[in-house]
Amino acid sequence: MTSPRTDVPRTEAEATAAPRTLVIDPPAAETPAPPAAAPEVRDLNWSARTWLLLVVLCGALFLDGLDLSMVGVALPSIGSDLHMDASSLQWIVSGYILGYGSLLLLGGRASDLLGRRKVFLAAVAVFGAASVISAFLSNDFALIALRFVKGASAAFTVPAGLSIITTTYAQGPARNRALSFYTVCGASGFSLGLVAGGLLTEIGWRATFLVPGPVAIVLVLLGLRVIPHAPTARVRLHHFDLPGAVTSTLSLLILVFTVVRAPSQGWGSAQTLGLLALSVVLMAAFVAIERRHPRPLVRLGILRSSALVHANLSAAAMFGGYSAFQFIVTLYVQDSLGWSPLTMSMAFLPTGVLVVASATKMEAVLDRVNTTVLIFFGLLAFILAYVLFLRVEPTKSYADFMLPTMLLLGIGFALCFPSVNAQATNGVADHEQGLASGLLNTSLQVGGAIVLAIASAVLSGSGSAPVHHQLLPGMSTAISISAGVTLAALLMTAVRLVRHRAR
């Protein structure tokens, strides 16, 4: 899931408790930006071309969420056909979200320097080509590599698409309407992808890989006609923080790989400890590079904002716990209970319905309620959902063991998702709104990759194969990890609320 909104109104409590603009360190020297094209849309009387532009931009975001959730439904079928166990299957998901999360900030930088139109169209085209090619592959390594490529493409598509909206639609009613549609498409893509994934997997799991390809190509062809041109500055290689992008990406890849392999290699083995140490060294190198680079991917001074740090940690725990939970439940209901992919996707539908239905309503709630309070109750809903699911038994009906969990997950997303986005960007200076939003998206994806890796390591570490009509080996422990990670974020949020009331 992505968090495209960067201009969500502050709550009344926050508006009086903090200065309107937060500037912690002076920004690093930047290459003078080219003159931006004047907003073309200033009222709500949109032409067909204006609507078509929004369809293209929203369609790309919708496709990103759709692809991730569709493939998740197909995982058991992929594992059965290609003989992949849980630890290998999780890379189908992790490869995508690592490519997305680790390169998102570089994608935003590239769209500013190379041109939003150029970056958007190129990234969507690569996404489409990778989709078509991956549909015909049977090698698991090649499949995972292309999933990483697709995630990296999305990392360039999302910031470029959002920038096109904010520079094409004038601030005020026109931009608010465009961003409202954009937000709904992001939420509904991930939610409806479950249903689409179930339908396509009934045909064959390769269809879930293939279908996004033609859609992406259509978006590129339409985009060539409707996305406006904008002047760009002359760009040199040193304008990009490539060392920062490389070190951070390698650090995360090695960390996830080590966690997945640790059960078979041993947590105390030389290989495990060595790779963990290498991951730490690379992340330390990333921090050192960001401190010295004239145009860093992340200006570290922004992390002095406690509100932003809390929002990022909460987002990582929220999406990490959910990603692991969905992975576990998908394998359980299909491999153990024998549900069809379509039945499984319909079982998750109540969560998606609540998310989509609340997408346009939460702005009014955010105007009246402190975001930290909303995050607290959202995280509490997630924990209750996981704890309720721990009662699961193969003989229980859907209404008993699964429906309450799905409803609570929908409530959790409805409260948490817009609230962490608002809290991460409230009070941040205009020139760093993109950085704050990018950090939040990165935290979402990285949290998902890490917690999913831990949960899959627990499942594969049991050493037992799934047995029909029985719980997966290690399943309760893996779900408890989702609950534990979310509980840690809940306690952190409670401390923040107590400190806020004390002040």
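Computed from a predicted structure; not experimentally measured. (Residues numbered from 1 in each chain as written. Predicted model: local features only at pLDDT ≥ 70, side-chain atom pairs only at ≥ 80, totals over all residues. Heavy atoms only, no water.)

A word on the overall build of the chain. In terms of regular secondary structure, the chain is built from 19 helices and 0 strands. For the chain, the proportion of its 503 residues judged to be buried stands at 55%. Taking contacts inside the chain between residues at least 6 apart in sequence as the whole, the part at least 24 apart equals 86%. With the model as given, the accessible surface of the chain reaches about 20,100 Å², and the carbon-plus-sulfur share is 66%. (Helix = DSSP H or I, 4+ residues; strand = E, 2+ residues; numbered from the N terminus. Buried < 20%, exposed > 50% of the residue type's maximum accessible area, 1.4 Å probe, protein only. Contact = heavy atoms within 4.5 Å. Areas by Shrake-Rupley, 256 points an atom, 1.4 Å probe, with all protein chains shown as cover.)

Together, Val132, Phe136 and Leu210 make up a nonpolar patch on the protein surface, roughly 270 Å² of accessible area in all. Relative to the helices and strands, Val132 is located in helix 4 (residues 116–134). Since its relative accessible area comes to 31%, Val132 is described here as partly exposed. (Patch = residues over 30% accessible without salt bridge, like charges linked within 9 Å, V, L, I, M, F, W, Y side chains within 5 Å. Salt bridge = Lys/Arg side-chain N within 4 Å of Asp/Glu carboxyl O.)

We now examine the packing of aromatic side chains. Summed over all chains, the structure comprises 11 aromatic pairs. Note on Phe325 and Tyr386: the rings are 5.1 Å apart at their centroids and 45° apart in plane angle, and the pair reads as tilted. In this pair, Phe325 is assigned in helix 11 (residues 306–336) and Tyr386 in helix 15 (residues 371–389), connecting sequence segments 61 residues apart. Of the residues examined, Phe325 reaches a relative accessible area of 0% and is grouped as buried. Ring plane angle 85° and centroid distance 5.2 Å describe the contact between Phe325 and Phe389, whose orientation is recorded as edge-to-face. Here Phe325, found in helix 11, pairs with Phe389, found in helix 15; they are 64 residues apart in sequence, far enough to count as distant. On the basis of relative accessible area, Phe389 is assigned to the buried category, the value being 0%. (Phe/Tyr/Trp six-rings, centres within 6.5 Å; stacked < 30°, edge-to-face > 60°.)

Note on terminology: a disulfide is the covalent bond linking the sulfur atoms of two cysteines. All chains considered together, the criterion is met by 0 disulfides. No disulfide involves Cys58; its sulfur sits 4.1 Å from the nearest other cysteine sulfur, which is in Cys185. (Disulfide = S-S within 2.5 Å.)

The interhelical angle for the contact between helix 15 and helix 17 (residues 403–425), taken along N-to-C directions, is 155°, at an axis separation of 7 Å. Put simply, helix 15 runs roughly antiparallel to helix 17. Taken as a pair, helix 15 and helix 17 cross one another with a handedness that is left-handed. Counted by class, the contact of helix 15 with helix 17 contains 20 nonpolar, 7 polar and no charged residues. (Axes fitted to C-alpha atoms, helices over the stretch in contact; angles between N-to-C directions. Parallel < 35°, antiparallel > 145°, perpendicular 65-115°, else oblique. Left-handed = near helix turned anticlockwise from the far one by under 90°. Nonpolar A, V, L, I, M, F, W, Y, C, P; charged D, E, K, R; others polar.)

Even without being a glycine, His83 presents a positive backbone phi close to 60°. Mapped onto the fold, His83 is located in the loop between helix 2 (48–82) and helix 3 (86–114).

For the rest of this paragraph, the subject is helix 6 (residues 173–203). Helix length check: helix 6 (31 residues) gives 43 Å between terminal C-alpha atoms against 45 Å at 1.5 Å per residue, within 8%. Gly193 marks the point of greatest bend in helix 6, at about 30°. Once helix 6 ends, the next one or two residues include Gly204, with phi positive near 160°. (Expected span 1.5 Å × (residues − 1). Bend = angle between axes of the 7 residues up to and from the residue.)

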